[in-house]
Structures are given as C-alpha cells and as structure tokens.
Amino acid sequence: MIPVPIQDYLRQQHVPFLRHWHPRAITAQELAQALHVTGYRVAKSVIVRAGQQLWICLPPASETLDLKKVREALGVREVQLATEDDFANHFPDCELGAEPPFGHLYGLPVLMDESLGVAEDLLLRAGSHEEALEVSVEDFIALESPQMADIIHERPGRHVEHHAMHP
C-alpha cells in the first residue's frame, strides 16, 4: 500500500494521481511488465551520493543510470550509488527498493533524465512493491522542480527508438 504521507503530500499539493495495484514487483522493469506498459513510462528512483549530498536520480526503467553523466550534470567530483544504509532513514514509511521520487517530501533533491520530460504521464514507485502511482509529467515537474539532464547510458539506436515513439 502507498504510505499515507505520500498520498497526503500529493493531495495537499493538488496533484491528481492514479493508484495501480499490481503483482509484487521488485525491479522497475518488473513493474513495467506487471502493469503492461513500456519501461519508458516507468521512472525508477536511483539514490546516489554526489559529494556529501544524496540525490534521487530518475531514469526510465528501461535504461541504466550513467554515473559519469550524473557527476557532470551535478558538477561534483565523485558520484556513487548510495547504499541502503545511506538512505533508508530518509524513507522510513517505504519498503526498501521502492523509494518514491518525491524529493521535497523526503528532503532530497531530484535529478530527472530529460527523456522522461516528453512523456505525458509517469508511473512511479511510491513506497510499495505492490502499488504504483501515475502522475502527469507536467504535474511532477511542477511539484518537484527536478534538475533535468541526460543521465542514462547511450545505446545504439536509443535516440532513434525514442523519437520514433514520440514524434
């Protein structure tokens, strides 16, 4: 179940959302499969340590975070994946591995891959491995004011596929 603080946060900020129950899914790609949607609509929260600051990075579920690009986007010397011990206390009401990208609620800045900005809506982890949230990209960006950058690994043909999906 989506933790009450997340639901309250979205309601207080007047952000409409849909709840999607699904079979237990641990990875974001499993979430996309459980909901029968493309991994480009599912945004996964990846927590990194950039210098001394934790960040929520938000790439599409179908892609891999490029730590070098994250480092360049944030203008820091070093970026590494955070350990669960590093961030578990920031998300006390959430299942580990189901951290939501609501940085304002959890006190962390958000770095969003620019490819997600062209979608109409996003499916997001919301503290549960059995329920996801759907919000419009426009509402998410207005709510979180994420820093936007290209933060995913290049794959041959990725841009061609991406543009073909979103003319």
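Since the model is a prediction, treat every value here as computed from it, not as a measurement. (Residues numbered from 1 in each chain as written. Predicted model: local features only at pLDDT ≥ 70, side-chain atom pairs only at ≥ 80, totals over all residues. Heavy atoms only, no water.)

(A) Seen up close, the sheet that holds strand E9 (residues 147-149). Sheet architecture is open: five strands sit in the order E5-E3-E4-E6-E9, paired in mixed fashion. Since the sheet does not close on itself, it has two edges, and those belong to strand E5 (79-81) and E9, each with one partner. Neighbour to neighbour, the strand axes of the sheet diverge by 35° on average, direction disregarded. Pairing analysis gives three bridges linking strand E6 (residues 110-113) to E9, with the strands arranged parallel. (Pairing = 2+ DSSP bridges. Helix = DSSP H or I, 4+ residues; strand = E, 2+ residues; numbered from the N terminus. Axes fitted to C-alpha atoms, helices over the stretch in contact; angles between N-to-C directions.)

(B) View of helix H2 (residues 28-35). Within H2, burial applies to Ala-28, Leu-31, Ala-32 and Leu-35. Each buried residue of H2 sits inside an arc of 100° when the element is viewed along its axis, so together they form one side. In the core, the buried residues of H2 are packed alongside strand E1 (18-21), strand E2 (42-43), strand E7 (121-125) and strand E8 (131-136). Phi for His-36, located one or two positions after H2, is positive at around 60°. (Buried < 20%, exposed > 50% of the residue type's maximum accessible area, 1.4 Å probe, protein only. Arc of directions from axis to C-beta. Contact = heavy atoms within 4.5 Å.)

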